[in-house]
Amino acid sequence: MNQDDIKALFDQQAAGYDTQWAKTQPIRDCLHLLLDAAFAELPADARILCVGVGTGAELAHLAHKHPGWRFTAVEPSGAMLQVCRDLAQRQGFAQRCVLHEGYLDTLPPATAAAGQGDRFDAATCFLVSQFMVDPAVRSGFFRQVGQRLRPGGILASTDLASDVRSPAYEVLLRAWMHMMAAADVSPEAMERMRKAYATDVAVLPPGRVAGIIQAGGFDAPVPFFQAGLIHGWLSRWSGKSAD
């Protein structure tokens, strides 16, 4: 699935996206709880980069918890970003947000001449890099995230991850599909999802994903979250060259 196809898919889903996934809210609540702990030592005036922000779930959560933080949210789907914009305006934190429509490479990078003032203290990237099936492209994406962070800046990222050749994957996939069914996802949509996991989404073993993040210039990622097929890592930007 190329970038245009991914953008079109999320454009189509935007209006009903939050309603469709409402029954999986406990997963997001747990992720946000652990995200709070991961970001607990950031400064009161921290700048946060949200990559692939979608409809703005983590943005809204962090904005309410930290009234002094400022955010830049990047999202290629204009329809998803509009839902996020409406949420920020409705809940009163829009003035602390820059909403950028496009892929990350269209967001101007931090420059050495500007010092550290235009760099971010932390970034979120939830269920984004899995759509990059080429490992080199995927590690390059993480490097683009890191180049916008301060040295030692924190990345909290999640992706679908599993060893698809292992018996464990079949167990997790069956349980995952049962959860989707309980969340009122249609059988047709679940079948499309199952096929996409095999062809359009880079579902890799967790250790392989961690290696791709590290190849993008981060210190060794630390697992901090798992819910079914979703795995999460915390990583600090070092800027080291990929081997």
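Up top is the structure these notes are about.
These numbers were taken from a predicted model, which means no experiment stands behind them. (Residues numbered from 1 in each chain as written. Predicted model: local features only at pLDDT ≥ 70, side-chain atom pairs only at ≥ 80, totals over all residues. Heavy atoms only, no water.)

Focus: the state of the cysteines
So, step 1. Inspection of the entire model under this criterion finds zero disulfides.
So, step 2. Take Cys 84: it sits in no disulfide, and the sulfur closest to it among the cysteines is that of Cys 97, at 6.8 Å.
So, step 3. Taking relative accessible area as the criterion, Cys 84 reaches 1% and is therefore assigned buried.
So, step 4. Among the residues examined, Cys 97 registers a relative accessible area of 15% and is labelled buried. (Disulfide = S-S within 2.5 Å. Buried < 20%, exposed > 50% of the residue type's maximum accessible area, 1.4 Å probe, protein only.)

Considerations on the side chain of Ser 157
So, step 1. As for its placement among the helices and strands, Ser 157 is situated in strand 5 (residues 149–160).
So, step 2. Classification of Ser 157 by relative accessible area gives buried; the value is 0%. (Helix = DSSP H or I, 4+ residues; strand = E, 2+ residues; numbered from the N terminus.)

Examining helix 7 (residues 167–182)
So, step 1. Helix length check: helix 7, at 16 residues, gives a terminal C-alpha distance of 23 Å against a target of 22 Å (1.5 Å per residue), a fit within 8%.
So, step 2. For helix 7, the complete set of buried residues consists of Tyr 169, Leu 173, Trp 176, Met 177 and Met 180. All buried residues of helix 7 fall inside an arc of 100° around its axis, so they share one side. Opposite its buried face, helix 7 presents the exposed residues Pro 167, Val 171, Arg 174, His 178 and Ala 182, each directed more than 90 degrees away.
So, step 3. Its buried side turned inward, helix 7 meets strand 5, helix 8 (187–199), strand 6 (222–227) and strand 7 (230–236).
So, step 4. Just past helix 7, the residue Asp 184 takes up positive phi, approximately 65°. (Expected span 1.5 Å × (residues − 1). Arc of directions from axis to C-beta. Contact = heavy atoms within 4.5 Å.)

A short note on the packing of aromatic side chains
So, step 1. Counted under the stated rule, the structure contains seven aromatic pairs.
So, step 2. Seen in terms of ring centroids, Tyr 17 and Trp 21 are 6.5 Å apart; in terms of plane orientation they differ by 55°. Their pairing is tilted.
So, step 3. For Tyr 17, a relative accessible area of 23% corresponds to the partly exposed category.
So, step 4. In this structure Trp 21 comes out as buried when scored by relative accessible area, which is 16%.
So, step 5. Between Phe 218 and Trp 237, the aromatic rings sit 5.2 Å apart at their centres with planes inclined by 70°, giving edge-to-face as the arrangement. You can see Phe 218 sitting in the loop between helix 9 (206–215) and strand 6 and its partner Trp 237 sitting in the segment after strand 7, a full 19 residues away along the chain.
So, step 6. Given a relative accessible area of 2%, Phe 218 falls into the buried group.
So, step 7. Here a set of aromatic residues connected by ring pairs shows up, and it is made of Phe 10, Tyr 17, Trp 21 and Phe 131.
So, step 8. Against the face of Phe 120 rests Arg 47, its NZ or CZ located 4.4 Å from the ring centre. (Phe/Tyr/Trp six-rings, centres within 6.5 Å; stacked < 30°, edge-to-face > 60°. Lys NZ or Arg CZ within 6 Å of the ring centre and 35° of its normal.)

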